[in-house]
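Residue strings, one per chain:
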Amino acid sequence: MIGLMVVVTVAILFFGINYLKGINMMRPTNYYYAKFADVKGLLESSSITSRGYGVGHVHEIDYNYADPTDGVVVILQLDDELTIPKGSKVLLNTGLMGGASLALDLNFDGSGKYYKRGDTIASLAVPGVLDAVTEEVMPRVAELIPQLDSLIISLRTVSENKALVSALNNFSDASLSIKKASGKLDVMMDRDIAPFMQDAKAIAANMNTMTTNLSQVDFKLTFNKVNSTLESVNGLADEMQNGKGTISLLLKDPALYNNLTSATNNASSLLQDLERNPKRYVQFSLIQRKEKKDDKREDK
């Protein structure tokens, strides 16, 4: 009785574990083979899919210890209902986070030829993201490592340079000076620039007013008056040039000029004599007055 219970328990565990792995032990299956140079960490009981649907699992992985270069044989346990046409392939896919899985790429070319149970199906390892990183990026990284070492050494040398430390200190001092100057500039802007801007606004307002007044001036009438005045002046100049008019006679008559000069000279001489001998002219006046008085007395 105890032995029967043990057998039943083991059977339940066996079927339960396989069920959890996605293996249906009660479903008929067929076995096929595939060989890979590297299984990329493929595990037994891994699912095998076709177009995303599970059609079987990895039954066993056989590693050739006698000749490791011969490759790794993978035994495929597929559903009995699945027929695999000739030309199909078993694809080994590598996951992004590691691990591998198998997928069937069925070739439905209508040839009517299929693999039989126990046949070896052609296999192909599909490069994954990690493979691309390993094959393309890592060699470049390996080339950059010596350059990075040189760069780090150069940066260390520069960072330990006293001149650089001094320059950084000077830069810090310059930054403080600039900060102080900026504060002073803000104060100046508030104290001086603001009134200046107000004056500028007032000037602009005056300019606008003056522009408005100028726009109201009749420039055409003004220019006409100016042209008329210029024409009059030009006519006067022509008369003077051609000997017409009083001004022209005054300017071009020599006799008149000489008479005016002589009269001016006589008047000047008379004034000079009057300044020098004022009594002569005063006595003459008194004598005349005395004679007039004597004549009046005689008449009486």
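As the structure is a computational prediction, the values presented were derived from the model and not from experiment.

Calculation notes
- Residues numbered from 1 in each chain as written.
- Predicted model: local features only at pLDDT ≥ 70, side-chain atom pairs only at ≥ 80, totals over all residues.
- Heavy atoms only, no water.
- Helix = DSSP H or I, 4+ residues; strand = E, 2+ residues; numbered from the N terminus.
- Buried < 20%, exposed > 50% of the residue type's maximum accessible area, 1.4 Å probe, protein only.
- Patch = residues over 30% accessible without salt bridge, like charges linked within 9 Å, V, L, I, M, F, W, Y side chains within 5 Å.
- Areas by Shrake-Rupley, 256 points an atom, 1.4 Å probe, with all protein chains shown as cover.
- Salt bridge = Lys/Arg side-chain N within 4 Å of Asp/Glu carboxyl O.
- Pairing = 2+ DSSP bridges.
- Axes fitted to C-alpha atoms, helices over the stretch in contact; angles between N-to-C directions.
- Core = buried A, V, L, I, M, F, W, Y, C linked by side-chain atoms within 4.5 Å.
- Contact = heavy atoms within 4.5 Å.
- Phe/Tyr/Trp six-rings, centres within 6.5 Å; stacked < 30°, edge-to-face > 60°.

All right, on to unusual backbone geometry then. For Lys40, which is not a glycine, the phi torsion comes out positive at approximately 55°. By the secondary structure assignment, Lys40 is in the loop between strand 1 (29-36) and strand 2 (47-50). Using a relative accessible area of 32% as the deciding quantity, one classes Lys40 as partly exposed. You will see that Arg51, though not glycine, has its phi angle at about 60°, which is positive. Checked against the element boundaries, Arg51 lands in the loop between strand 2 and strand 3 (53-63).

With that out of the way, let us pick up a nonpolar patch on the surface. Taken together, the side chains of Leu144, Leu148, Leu151, Ile152 and Leu155 define a hydrophobic patch exposed on the protein surface, amounting to about 470 Å² of accessible area. The residue Leu151 is located in helix 2 (residues 129-159) in this model. For Leu151, a relative accessible area of 45% puts it in the partly exposed group.

According to the stated counting rule, one finds three salt bridges in the structure shown. Asp38 is paired through a salt bridge with Lys40; the nearest N and O atoms lie 4.0 Å apart. A salt bridge links Asp80 to Arg117; the nearest nitrogen and oxygen atoms lie 3.2 Å apart. Here Arg117 lies in the loop between strand 6 (100-105) and strand 7 (122-126) and Asp80 lies in the loop between strand 4 (72-79) and strand 5 (89-94), a separation of 37 residues in the sequence. With relative accessibility at 60%, the residue Arg117 sits in the exposed group.

What follows concerns the sheet that holds strand 2. With mixed pairing, the seven strands of this open sheet are ordered in space as 1-4-3-2-6-5-7. Looking at which strands have only one partner, the edges of the open sheet turn out to be strand 1 and strand 7. For this sheet the average axis-to-axis angle between neighbouring strands, irrespective of direction, equals 30°. Where strand 1 lies against strand 4, eight bridges are found, and the strand directions are antiparallel. Among the inter-strand pairings, Tyr31 is bridged to a residue of strand 4, identified as Gln77.

Judged by nonpolar contacts, the single largest core of 22 residues is most densely connected at Leu76, Leu78 and Leu102. Among the elements of the structure, strand 1, strand 3, strand 4, strand 5 and strand 6 are those that each provide at least two residues to this core. Of all the elements, strand 4 adds the most residues to this core, at four residues. Setting aside chain neighbours within four positions, we find Leu102 in contact with Phe36, Leu42, Ser47, Ile48, Thr49, Val58, Val74, Leu76, Val90, Leu91 and Leu92.

The alternating pattern of strand 2 places Ile48 and Ser50 on a buried face, while none of Ser47 and Thr49, on the opposite face, is buried. Bridge count between strand 2 and strand 3: four bridges; the pairing is antiparallel. Each bridged residue has a counterpart across the sheet, and for Thr49 the counterpart in strand 3 is Gly54. Looking at chain direction, strand 2 and strand 6 are connected through two bridges and run parallel. The residue of strand 6 that forms the bridge with Thr49 is Ala103.

Bringing the packing of aromatic side chains into the picture now. Tallied over the entire structure, the rule returns one aromatic pair. Measuring from centroid to centroid gives 4.9 Å for Tyr63 and Tyr65, while their planes differ by 80°, and the two rings are edge-to-face. Classification of Tyr63 by relative accessible area gives partly exposed; the value is 37%. For Tyr65, a relative accessible area of 72% puts it in the exposed group.

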